[in-house]
Every structure is written in C-alpha cells, then in structure tokens.
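Below are the chains, spelled out letter by letter.
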Amino acid sequence: MFGYDWARLHAALNDFPAALLLVSVFFDLLGIFTKRDSLKAAGFWTLVVGVIGTGGAVIVGELAADAAEHSDEAHAVVETHETLGIIVLVLFGLLAIWRILRKGVWGPTEQPIALTAAVIGVALMVYTSKLGGNLVFDHGLGITAARMQVIMDARGAEHHHHEEEEGAAHPDSAKATTPGDTAATHTHADSTTHSHQ
C-alpha cells in the first residue's frame, strides 16, 4: 500500500516513543530523589504510552525493511537495528506490565532493579537510533535507486554550476596561460596591472 513510504512513516513514528521512554526514566529517577508521587505517576504513564508507541514503530519498521531497497551491507545493519528494536520493546514492555501489576508503583526493593533495567533499555534505544541514522545517512535506506540517481545528477549539476559562478565572479583574478607562458597577469582595482613570475 505505502511501498517504500513505510520508511517515511517509520521515521515519523520513531522520535515519539523514544522521547517518552527517556522521559519516563527521568521522571522516575527524579521522583525517587524528590519523593514526589506526581513525578512517579508521570513516569508510569509515559512508560505505558512509550511502549505502545515503540510497538507501532517496530511493526512499521519491519514493513519498511521489507519494502525498501538496500544493499547487502545495509542488510546486516537492518538486521541488528531490528533485533535491538525488539529487545528494547520487550524490555520496556515487561517493565510496563510489571508496573501495572504493582498498580503503578514499584516497591523499595524493586526500584533499583527496575530502574537499572530501564537505564540499560535507554542505552540500547540510543544505540538502536544511531543504527537507524546510519541506515539513512550512510546507506540511503528508504530512497529508491532511481531517486538516488536523480539526486546525484542534481548535485553534480549544482556543483559544476557553482564552479562556473566562482570563475565568473572573478574574471580578472587570474588569466589563463598557454603552455609556453611563464607568467600570469591580473588587474587591481586601481587599474594597475602586473605579473607574477
């Protein structure tokens, strides 16, 4: 249905759950240090919504990987990116279920274990995001070969155009010399002309 645009949808969905999961851990840590239940509640709800969003991002990411053109080198990165994405989803999903069963609040002995797991989850999520960035910026994932060729042709034409503009902007800066010439002349603003050997 969407074709390679699954990749665009995946990119659009990525930031939302990642931000929520990161903020969830931040709220929980801050709630523990300040002993404020309101921050812990915020941590709980951002965790739950973040897990739901991560699930959506993972599903769309799987569809994007199947639909997008990519090289063999990029395929290996895609596999790692997908695997880590699923691990992050499962880890935070288990934390969310655990917390729901505890009615939103972990006990004093549970908090260190849960938050350590959450911090590890955030680290994995950041690395997963880095791999996703590599897929886009290093491998052009989500960009068809035909579109990539159009982009490369346009860049080549623009580069050549800029070189011509630079040369035209300074017509007197340097005169072309024949193979036998040993000096080049140029003119200054005061109309004086001299040559360099």
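None of these values were measured; they are calculated from a predicted model. (Residues numbered from 1 in each chain as written. Predicted model: local features only at pLDDT ≥ 70, side-chain atom pairs only at ≥ 80, totals over all residues. Heavy atoms only, no water.)

1. Quick look at the overall build of the protein
Thinking step 1. Scanning the protein from terminus to terminus reveals five helices and two strands.
Thinking step 2. When the helices and strands of the protein are read in sequence order from the N terminus, they spell out α-α-α-α-α-β-β.
Thinking step 3. The contacts of the protein with a sequence gap of at least 6 include a subset with a gap of at least 24, amounting to 63%. (Helix = DSSP H or I, 4+ residues; strand = E, 2+ residues; numbered from the N terminus. Contact = heavy atoms within 4.5 Å.)

2. A closer look at the pattern of salt bridges
Thinking step 1. Per the counting criterion, the structure on display carries two salt bridges.
Thinking step 2. A salt bridge links arginine 99 to aspartate 28, with the nearest nitrogen and oxygen atoms 2.7 Å apart. A residue pair is termed long-range when its members are at least 10 positions apart, and arginine 99 in helix α3 (residues 72-101) and aspartate 28 in helix α1 (residues 6-34) qualify at 71 residues.
Thinking step 3. With a closest N to O distance of 3.1 Å, arginine 102 and glutamate 110 form a salt bridge.
Thinking step 4. Take arginine 102: its relative accessible area is 42%, and that puts it in the partly exposed class. (Salt bridge = Lys/Arg side-chain N within 4 Å of Asp/Glu carboxyl O. Buried < 20%, exposed > 50% of the residue type's maximum accessible area, 1.4 Å probe, protein only.)

3. With respect to the environment of glycine 55
Thinking step 1. Relative to the elements of secondary structure, glycine 55 occurs in helix α2 (residues 37-67).
Thinking step 2. By relative accessible area, which is 17% here, glycine 55 ends up buried.
Thinking step 3. With 33 residues separating them in the primary sequence, glycine 55 and valine 88 have C-alpha atoms 9.7 Å apart.

4. Details of unusual backbone geometry
Thinking step 1. Of note, the phi angle at lysine 35 is positive, near 60 degrees, even though the residue is not glycine.
Thinking step 2. Examined against the element boundaries, lysine 35 turns out to sit in the loop between α1 and α2.

5. Section: the side chain of threonine 128
Thinking step 1. For threonine 128, the location among the structural elements is in helix α4 (residues 110-137).
Thinking step 2. Classification of threonine 128 by relative accessible area gives buried; the value is 8%.
Thinking step 3. Beyond its immediate sequence surroundings of up to four residues, threonine 128 is in contact with His81, Leu84, Gly85 and Val88.

6. Digging into the nonpolar core
Thinking step 1. Leu21, Leu47, Val51, Phe92 and Leu95 are the most contacted members of the largest nonpolar core, which has 15 residues in total.
Thinking step 2. Only α1, α2, α3 and α4 provide two or more residues apiece to this core.
Thinking step 3. For this core, the element with the highest residue contribution is α4, accounting for six residues.
Thinking step 4. Residues contacting leucine 21, with those up to four places away along its chain left out, are Leu47, Gly50, Val51, Thr54, Phe92, Val122 and Met125.
Thinking step 5. In this structure, Ala74, Val77, Val78 and Leu141 belong to the second largest nonpolar core, which totals eight residues. (Core = buried A, V, L, I, M, F, W, Y, C linked by side-chain atoms within 4.5 Å.)

7. Quick notes on the side chain of glutamate 110
Thinking step 1. Topologically, glutamate 110 is positioned in helix α4.
Thinking step 2. Within the structure, glutamate 110 has its side chain in polar contact with the side chain of tryptophan 98 (distance 3.3 Å).
Thinking step 3. A polar side-chain atom of glutamate 110 sits 2.6 Å from the main-chain amide nitrogen of glycine 107. (Polar contact = N/O pair within 3.5 Å; in protein donor to acceptor, adjacent residues only side chain to side chain.)

8. Topic: the confidence of the model for the protein
Thinking step 1. Of the residues in the protein, 74% have a pLDDT of 70 or more, and the chain-wide mean is 78.
Thinking step 2. Contacts for the low-pLDDT stretch residues 173-197, under 50 throughout, to residues beyond four places or in other chains number 25 contacts. (pLDDT = per-residue confidence, 0-100.)

9. Thoughts on the packing of aromatic side chains
Thinking step 1. Summed over the entire model, instances satisfying the criterion amount to three aromatic pairs.
Thinking step 2. Ring plane angle 45 degrees and centroid distance 6.2 Å describe the contact between phenylalanine 26 and phenylalanine 27, whose orientation is recorded as tilted.
Thinking step 3. Exposure remark for phenylalanine 27: the relative accessible area of 22% places this residue in the partly exposed category.
Thinking step 4. When the ring centre of tryptophan 106 is taken as origin, the NZ or CZ atom of arginine 99, which lies over that ring, is 4.6 Å away. (Phe/Tyr/Trp six-rings, centres within 6.5 Å; stacked < 30°, edge-to-face > 60°. Lys NZ or Arg CZ within 6 Å of the ring centre and 35° of its normal.)

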